[in-house]
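Commentary on secondary and tertiary structure
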Amino acid sequence: MPQNHSVVHLTAMHKIPKLTPGGPGYMIEMIEKGSSELKSEWAMDHIGLDEHPIAPRNLATSLKNYVKLYSPHWIRSRLARMRVFTWSNNYRLILQRNISKLERADIIHIHDPIAFSAYQTLNLTVNKPIVLTDHSPGSFAQLILRYIPSPKRNKAEQYIINKEVQAFELADKVTLIAQGQKKLKFTEVPELATFNDKTSIIYNGISDRHPASKRSKEKITIGFVGTLTKDKGIDILIDAFLFLTQPGSVELKIIGDGPLRSELEQRSKSTDTNIEFLGMRDDVPELMDSFDICISCGRRSGFDLVILEAMRAGLAIIVTDVGGNKEALADAGIVIPEPSPKLLQEAIIQLVNNEKLRQTLQEQARIRFEKHFLRQTMAAQYISIYQSLLP
């Protein structure tokens with residue numbers, strides 16, 4: 001089919017290489033591929049502010065850059081003295097170099113407040129409909145505040161919240177990735193609820209692959225995929241696993257890296273448990289084929305893509321009820337109401353001791369993935385929004 005319309009995706013946030021797919025950059029790729037598979041009339045282009053040779057290379061630098069470029073002078077001056085920046089006006093420069101892409105597009109789809117603020121600073125005369133997709137779990141200010149000195153945080157928080165509200169106000173359509181995420185955002189930033197009428201929920205979707213089960217017959221393998229931080233709840237999982245009563249028949253494989261890795265490796269070595277830290281890997285989907293159970297026990301999340309990968313692999317899944325996790329899993333797994341080692345341990349024991357339940361949930365997870373979370377399904381919903389904004 002001829003491609004008669006075009007959309008430019010704009011993002012400043014990173015995606016993590018050698019780990020499970022994540023971040024707005026990956027979702028843009030899924031929208032583009034899903035649209036192609038649907039033989040859509042929409043051509044897709046992408047300006048990635050963090051993928052340019054002069055751009056920041058990780059989330060921390062992106063957030064620091066955001067604070068420097070789009071915050072009041074008193075914040076910029078304080079952080080400049082702390083020498084936490086090296087990237088001055090690079091975002092603005094990248095956009096200026098790509099102005100022709102923006103002018104040719106029918107729709108501009110912006111995927112995070114950082115990119116939206118960068119776009120605003122250009123004072124462009126490009127008058128194009130804007131779709132804003134916010135992937136952050138709750139208030140975007142919560143991501144930024146860790147880079148602002150404590151005495152100034154209250155003032156800075158309100159400034160950043162105002163920027164987020166402004167992004168929602170100026171966008172023609174807003175999409176969020178889960179009802180749970182929307183509830184948290186509207187709770188933490190009540191002003192955003194004003195824009196409820198133009199806000200839609202579109203669940204993330206990923207590519208399909210048929211799992212090739214490599215599960216051990218001797219042991220039950222539990223898997224975790226993600227950055228090793230408190231937000232991801234890896235400490236909760238370690239606490240729950242260390243006190244299982246049948247350690248010999250269960251093993252835990254942890255894929256990923258992060259600030260808690262060294263501490264948790266030391267703890268696991270001090271006990272007689274089967275915990276293996278695999279670090280960053282290129283072969284995450286293949287490794288997940290060897291899991292029986294996958295756990296996502298984060299304290300804060302928007303919509304954890306690991307859950308979709310686990311469904312695709314046909315795993316029994318345990319999640320904490322944060323963000324969109326419960327919506328994603330529904331009745332195709334076990335949802336614990338809060339990130340608690342005791343509750344997580346009880347759920348693990350339930351699945352380890354009940355093979356029939358484990359197999360039933362594995363089958364239900366795969367069925368739910370095929371029904372709701374293919375990238376073509378997600379792409380079709382975004383295309384519908386683009387169509388609605390054409391003159």
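Notes on the structure follow.

About the cut-offs
Sequence order as written defines the numbering, with residues in each chain counted from 1. In view of the model being predicted, local features appear only for residues whose pLDDT reaches at least 70, and side-chain atom pairs are presented and counted only at 80 or more, with totals across whole chains, interfaces and linings using the full set of residues. Only hydrogens and water are set aside; all other atoms, that is, all heavy atoms of the structure, feed into the side-chain values. Labels follow the DSSP assignment, with helices taken as runs of H or I lasting at least four residues and strands as runs of E lasting at least two, numbered in each case from the N terminus. Relative accessibility thresholds used throughout: buried, under 20% of the residue-type maximum; exposed, over 50%; partly exposed, between the two (1.4 Å probe, protein chains only). Residue contacts are defined here by distance: any two heavy atoms, one from each residue, within 4.5 Å place the two residues in contact. Each accessible area value is a Shrake-Rupley result obtained with a 1.4 Å probe; residue values ignore everything except the protein chains displayed when judging cover. The convention used is that axes are lines fitted to C-alpha atoms, helices contributing only their stretch in contact, and that angles between N-to-C directions extend from 0 to 180 degrees. Oblique is the label for any angle not under 35 degrees, not over 145, and not in the 65 to 115 range, which are roughly parallel, roughly antiparallel and roughly perpendicular in turn. Left-handed describes a crossing whose near helix is turned anticlockwise from the far helix through less than a right angle; right-handed describes the clockwise counterpart. Any residue that is not Ala, Val, Leu, Ile, Met, Phe, Trp, Tyr, Cys, Pro, Asp, Glu, Lys or Arg is counted as polar, Gly included; the first ten are nonpolar and the last four charged. For Phe, Tyr and Trp, where Trp contributes only its six-membered ring, two rings pair if their centres lie within 6.5 Å, and the inter-plane angle classes them as stacked under 30 degrees, edge-to-face over 60, or tilted in between. At least two bridges found by DSSP between two strands is the condition for calling them paired. The salt bridge criterion pairs a side-chain nitrogen of Lys or Arg with a carboxyl oxygen of Asp or Glu, the two atoms within 4 Å.

Scanning the protein for helices and strands turns up 17 helices and twelve strands. Here the protein, with 391 residues, has 55% of them falling under the buried criterion. For the protein, long-range pairs separated by at least 24 residues make up 73% of all intrachain contacts whose partners lie at least 6 apart in sequence. For the protein, the accessible surface area stands at approximately 16,900 Å², while carbon and sulfur atoms represent 49% of it.

All right, on to the packing of helix 13 (residues 305–312) against helix 16 (residues 355–372) then. Close contact between helix 13 and helix 16 brings their axes to 7 Å; oriented N to C, the two are set at 115°. Considered as vectors, helix 13 and helix 16 are oriented roughly perpendicular to each other. Of the two elements, helix 13 crosses helix 16, and the hand of that crossing is left-handed. Two secondary-structure elements touch here, helix 13 through Leu308, Met311 and Arg312 and helix 16 through Ala365, Arg366, Arg368 and Phe369. Partitioned by chemical class, the residues of the contact of helix 13 with helix 16 number four nonpolar, no polar and three charged.

It is worth spelling out the environment of isoleucine 161 at this point. On the secondary structure map, isoleucine 161 appears in helix 8 (residues 153–170). Judged by its relative accessible area of 8%, isoleucine 161 is buried. Taking C-alpha positions, isoleucine 161 is 7.2 Å from valine 189, a pair spaced 28 residues apart along the chain. Non-local contacts of isoleucine 161, meaning those with residues more than four positions away in its chain, are made with Ser139, Ala141, Val189 and Glu191.

What follows covers the packing of aromatic side chains. Taken as a whole, this structure holds four aromatic pairs when the rule is applied. Site record: aromatic cluster; members linked through ring pairs are Tyr203, Phe303 and Phe373.

Ordered in space as 2-1-3-4-5-6, the six strands form an open sheet in which the pairing is parallel. Pairing within the sheet leaves two strands with one partner each, and these edge strands are strand 2 (42–48) and strand 6 (199–201). Shown here is a sheet whose adjacent strand axes are inclined to one another by a mean of 25°, direction ignored. Where strand 4 (residues 130–133) meets strand 5 (residues 173–176), three bridges bridge the pair, whose relative direction is parallel. Note that in strand 5 the partner of valine 131 across the bridge is lysine 173.

It is worth spelling out the pairing of strand 8 (residues 250–255) at this point. Along strand 8, six of the six residues are buried, which leaves the element largely enclosed by surrounding structure. Of the two faces of strand 8, the one carrying Val250, Leu252 and Ile254 and the one carrying Glu251, Lys253 and Ile255 are both buried. Two elements, strand 7 (residues 220–225) and strand 8, share six bridges in a ladder whose sense is parallel. When the sheet's bridge partners are listed, isoleucine 220 is paired in strand 8 with valine 250. Strand direction decides the pairing type here: strand 8 and strand 9 (residues 275–279), joined by four bridges, are parallel. When the sheet's bridge partners are listed, isoleucine 254 is paired in strand 9 with phenylalanine 277.

Tallying each qualifying case throughout the model produces 16 salt bridges. Put simply, aspartate 134 and lysine 185 hold a salt bridge, and the shortest N to O gap is 2.9 Å. Of the two residues, aspartate 134 sits in the loop between strand 4 and helix 7 (141–144) while lysine 185 sits in helix 9 (residues 179–188), which places them 51 residues apart along the sequence. For aspartate 134, a relative accessible area of 1% corresponds to the buried category. Taking the shortest distance from any N to any O, the salt bridge between lysine 185 and glutamate 164 comes out at 2.7 Å. In this pair, lysine 185 is assigned in helix 9 and glutamate 164 in helix 8, connecting sequence segments 21 residues apart. The residues lysine 185 and glutamate 164 share a single accessibility class, namely buried.

Turning next to unusual backbone geometry. The backbone of lysine 39 sits at a positive phi, close to 55°, despite the residue not being glycine. Its location among the elements puts lysine 39 in the loop between helix 1 (23–37) and strand 2. Of note, the phi angle at alanine 330 is positive, near 55°, even though the residue is not glycine. Position of alanine 330 among the secondary structure elements: in the loop between helix 14 (325–329) and strand 12 (334–336).

Look at helix 10 (residues 234–242) against helix 15 (residues 341–353): their axes get within 8 Å of each other, and the N-to-C directions meet at 60°. Here helix 10 is positioned oblique relative to helix 15, judged by the angle of their axes. Handedness of the crossing formed by helix 10 with helix 15: right-handed. In this structure, helix 10 contributes Ile236, Leu237, Asp239 and Ala240 to the contact, and helix 15 contributes Pro341, Leu344, Gln345 and Ile348. Split by residue class, the contact of helix 10 with helix 15 holds six nonpolar, one polar and one charged.

Everything listed here is a matter of geometry and, on its own, says nothing about what the molecule does.
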